[in-house]
Amino acid sequence: MLKLSVVSWSQVGKPVLLTVDDDPEVLRAIERDLRQRYAERYRVVRADSGKAALEALGELRKRNEPVALLLVDQRMPQMSGVAFLLDAVKLYPESKRALLTAYADTDAAIRAINEARIHHYLLKPWDPPDEHLYPVLDDLLEDWQAGYRPPFVGLRVLSDRWSPKSYALREFLARHQAPFRWLDVEKADRDAEVAAAIAALGPDSGELPIVFFPEGSYVSNPESSELAARLGLKLRADADFFDLVIIGGGPAGLAAGVYAASEGLKTVIVEQDAPGGQAGLSSRIENYLGFPSGLSGADLARRAVTQARRFGVQVLCPQQAIGLRVADNYRHVMLSDRSELACHAVLLAMGVQWRKLDIPGLERLQGAGVYYGAGSTEATACVDEEVHIVGGANSAGQAALNFSRYVRRVIMLVRGDSLASSMSRYLIDEIEKTPNIQVEFNSSVAEVHGEGRLDAISIRCSTSGDTTVVPACSLFIFIGAEPRTDWLTGQVERDDKGFILTGPDLKIRGKLPAGWPLARDPGLLETSIPGVFAAGDVRRGSVKRVASGVGEGSIAIQFVHQYLGDR
């Protein structure tokens with residue numbers, strides 16, 4: 001019998017007192033006395049055998065619940081109290097351990113102090129408990145509380161740091177602002193929580209990474225769609241028709257969503273990765289109007305999503321647009337799950353992605369020491385290490401400052417001979433004042449090296465022509481910007497780099513594209529398809545700044561209203 005599963009969620013989080021005895025009468029008595037004294041601060045769990053108790057501890061460990069006390073009868077069939085404690089200490093090494101024993105077994109209990117590392121033994125019967133039970137347990141629990149740190153409540157990810165799948169999963173959770181703790185399997189020999197999580201899983205747990213959920217369940221090597229469903233993220237819209245479909249949930253898309261919905265348009269945002277776009281990965285944005293102390297990209301995204309949803313915007317994420325067509329005077333957006341959204345108007349606000357470096361070895365080691373961009377959470381994985389950052393623009397500068405708080409040294413590799421032409425002055429000043437940031441100008445990565453994980457990079461100096469191989473375990477790349485517009489090939493006009501043409505840029509030698517069907521010219525942010533607009537970084541000629549994206553997204557709604565009014 002195991003009294004564990006019938007528990008109100010209001011109790012979860014209280015440290016557990018686990019008592020084990022095969023005698024039902026004794027078990028009821030000890031449970032009664034424990035509840036009478038400790039129920040306000042602890043949760044009492046009972047089991048009628050060592051086997052059942054180990055199962056209970058395994059479930060508690062999966063939920064990362066603390067166990068303060070193991071109070072166990074010595075003389076039980078199949079598994080003695082000492083044998084149980086020898087196994088239990090592997091799951092909960094910090095728990096206090098006490099043995100219930102008859103007078104005849106006193107010698108065995110004394111020997112168990114050394115064998116099972118028990119902290120105390122109690123003689124049965126213990127009446128009255130105020131004299132023979134509570135003083136001992138009070139002392140044990142007071143000692144336990146002195147070293148107790150409340151456990152993390154949220155998702156836990158057990159994985160190998162150098163696994164690309166693990167990195168993608170951690171980035172997914174971080175960008176969706178799902179609180180999680182990362183348990184590095186490589187630290188099992190020196191981290192009790194990691195060792196306990198591995199022990200609780202058993203041999204048939206599946207392949208890494210493994211995600212533990214707060215209620216005790218876990219999934220092995222999950223796909224992002226499976227994880228999104230478990231997290232309650234919205235993947236499907238509540239309707240098939242909208243006034244406005246916005247593709248992209250970065251600053252431009254979120255601003256457009258807020259303004260459109262607040263002005264009465266039925267609006268949905270479709271975001272491929274996570275709200276916030278590239279800006280959402282920024283560890284600190286210092287020059288955004290109205291925030292004198294700065295704010296993180298994740299905080300900006302969270303505030304914007306909350307504001308959009310308050311006005312009724314549906315945010316589908318992660319969900320990908322894969323096609324666009326016009327039929328019967330409506331616009332239709334095809335999604336990656338083969339569903340379709342029909343609408344009056346579309347706003348393309350997909351933003352940009354980091355440009356890929358084409359150098360030997362890089363693709364093979366991506367996610368295993370080589371990364372494009374870096375969320376603020378990634379810095380904690382590099383504590384006391386040396387990291388290399390490629391890039392000289394604002395994103396690279398913000399990342400360097402964030403990493404400098406955790407790592408031994410940050411080495412920035414900048415292709416040019418100065419930061420002045422590519423980075424805001426306030427960031428340059430901060431970098432110059434940070435002693436553990438080293439900037440190497442006229443430098444680029446020529447090759448990366450490693451088997452299974454990054455262990456070195458080749459750095460080429462453009463002034464001397466020399467190439468030097470240096471040890472490296474983490475390389476973060478922040479260069480260039482490429483629009484995500486391949487799926488629009490043949491639909492809307494783009495330039496040779498893939499950026500979307502709008503308004504006056506659509507005219508070539510004073511003439512509009514052959515397919516433009518209306519007598520009027522396209523609006524300022526309108527594409528080569530009437531009723532389809534573009535805003536933010538994905539649009540040619542846009543200013544690549546967060547505030548500019550917000551401004552364009554807001555302005556685009558005025559053009560949407562004009563288009564709808566002319567229909």
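The paragraphs below set out a description of the structure included in this document.

Cut-off values and rules
Residues numbered from 1 in each chain as written. Predicted model: local features only at pLDDT ≥ 70, side-chain atom pairs only at ≥ 80, totals over all residues. Heavy atoms only, no water. Helix = DSSP H or I, 4+ residues; strand = E, 2+ residues; numbered from the N terminus. Buried < 20%, exposed > 50% of the residue type's maximum accessible area, 1.4 Å probe, protein only. Contact = heavy atoms within 4.5 Å. Phe/Tyr/Trp six-rings, centres within 6.5 Å; stacked < 30°, edge-to-face > 60°. Lys NZ or Arg CZ within 6 Å of the ring centre and 35° of its normal. Salt bridge = Lys/Arg side-chain N within 4 Å of Asp/Glu carboxyl O. Right-handed = clockwise from strand over helix to strand, strands pointing away. Pairing = 2+ DSSP bridges. Axes fitted to C-alpha atoms, helices over the stretch in contact; angles between N-to-C directions. Core = buried A, V, L, I, M, F, W, Y, C linked by side-chain atoms within 4.5 Å.

1. Digging into the overall build of the protein chain
Counting its secondary structure elements, the protein chain contains 15 helices and 27 strands. Seen through its principal axes, the protein chain has C-alpha atoms that stretch 105 × 60 × 45 Å. Here the protein chain holds 567 residues, and the buried ones make up 53% of them. Across the protein chain, contacts joining residues at least 24 apart in sequence account for 65% of those joining residues at least 6 apart.

2. Considering the packing of aromatic side chains
Working definition: an aromatic ring pair is given by the centre-to-centre distance plus the angle between the planes. Applying the stated criterion to the full structure yields 11 aromatic pairs. With 5.9 Å between their ring centres and 50° between their planes, Phe212 and Tyr218 make a pair best called tilted. Relative accessible area serves as the criterion here: at 26%, Tyr218 is assigned to the partly exposed category. With a centroid separation of 5.3 Å and an interplanar angle of 80°, the aromatic rings of Trp354 and Phe478 are classed as edge-to-face. Of the two residues, Trp354 sits in the loop between strand E17 (352-353) and helix H12 (362-365) while Phe478 sits in the loop between strand E25 (475-477) and strand E26 (482-483), which places them 124 residues apart along the sequence. Three or more aromatic residues link up through ring pairs in this structure, and these residues are Tyr167, Tyr371, Phe403 and Phe476. The lysine or arginine in question, Arg156, covers the ring of Phe212, its NZ or CZ lying 4.9 Å from the ring centre. Above the face of the Phe242 ring, Lys266 is positioned so that its terminal group lies 5.3 Å from the ring centre.

3. Some points on the environment of Phe441
Relative to the elements of secondary structure, Phe441 occurs in the loop between strand E21 (437-440) and strand E22 (443-449). Spatially, the C-alpha atoms of Phe441 and Val414 are 4.8 Å apart, while their sequence positions differ by 27 residues. Once residues within four sequence positions are removed from consideration, Phe441 is found in contact with Val414, Gly416, Asp417, Ser418 and Leu419.

4. Some details on the pattern of salt bridges
Under the definition given, this model contains 32 salt bridges. Residue Lys165 is joined to Glu223 by a salt bridge in which the shortest nitrogen-to-oxygen separation is 4.0 Å. Placement of Lys165 in helix H7 (residues 164-175) and of Glu223 in the loop between strand E10 (218-220) and helix H9 (224-231) is noted, with a sequence separation of 58 residues between them. What makes Lys165 partly exposed here is its relative accessible area of 27%. In this structure, a network of salt bridges that share partners links the residues Asp21, Asp73 and Lys124.

5. Some words on the pairing of strand E19 (residues 386-390)
Most of E19 sits inside the fold, with 5 of its 5 residues counted as buried. Of the two faces of E19, both are covered, the one formed by Glu386, His388 and Val390 as well as the one formed by Val387 and Ile389. Assessed by its sense of winding, the connection that carries the chain from E19 through helix H13 (residues 394-404) to strand E20 (residues 409-413) is right-handed. Note: E19 against E25, 3 bridges, orientation parallel. The residue of E25 that forms the bridge with His388 is Leu475.

6. Observations regarding the sheet that holds strand E23 (residues 456-461)
Note on sheets: strands pair through backbone hydrogen bonds, and any given pair is parallel or antiparallel. Strand order across the open sheet formed by 3 strands is E22-E23-E24, with antiparallel pairing between neighbours. Taken across any chain shown, the strands that pair with only one partner, and hence form the sheet edges, are E22 and strand E24 (467-471). Strand-to-strand, the axes of this sheet are offset by a mean angle of 30°, without reference to chain direction. Alignment of E23 against E24, held across 5 bridges, turns out to be antiparallel. The residue bridging Ile457 from the neighbouring strand is Val470, located in E24.

7. Examining the nonpolar core
In terms of nonpolar packing, the biggest core is built from 45 residues, with Phe403 and Val448 touching the most fellow members. What Phe403 contacts, discounting residues up to four positions off in sequence, is Ala374, Glu378, Ala379, Cys382, Val387, Ile389, Val410 and Phe476. Counting 27 residues, the second largest nonpolar core, distinct from the first, contains Leu244, Ala304, Ala349 and Val560.

8. Examining unusual backbone geometry
Across the junction of Lys124 and Pro125, the peptide omega takes the value -5°, indicating a cis bond. Residue placement: Pro125 occurs in the loop between strand E6 (120-123) and helix H5 (129-132). Here the residue pair Asp127 and Pro128 is connected by a cis peptide bond, since its omega of -10° sits within 30 degrees of zero. With respect to the secondary-structure elements, Pro128 resides in the loop between E6 and H5. With phi around 45°, Asn221 is a residue other than glycine that occupies positive phi space. Along the chain, the position of Asn221 falls in the loop between E10 and H9. Not every positive phi belongs to a glycine, and Arg509 is a case in point at roughly 55°. Examined against the element boundaries, Arg509 turns out to sit in the loop between E26 and strand E27 (532-534). A residue is classified by how much of its surface remains accessible, and Arg509, at 81% relative accessible area, is exposed.

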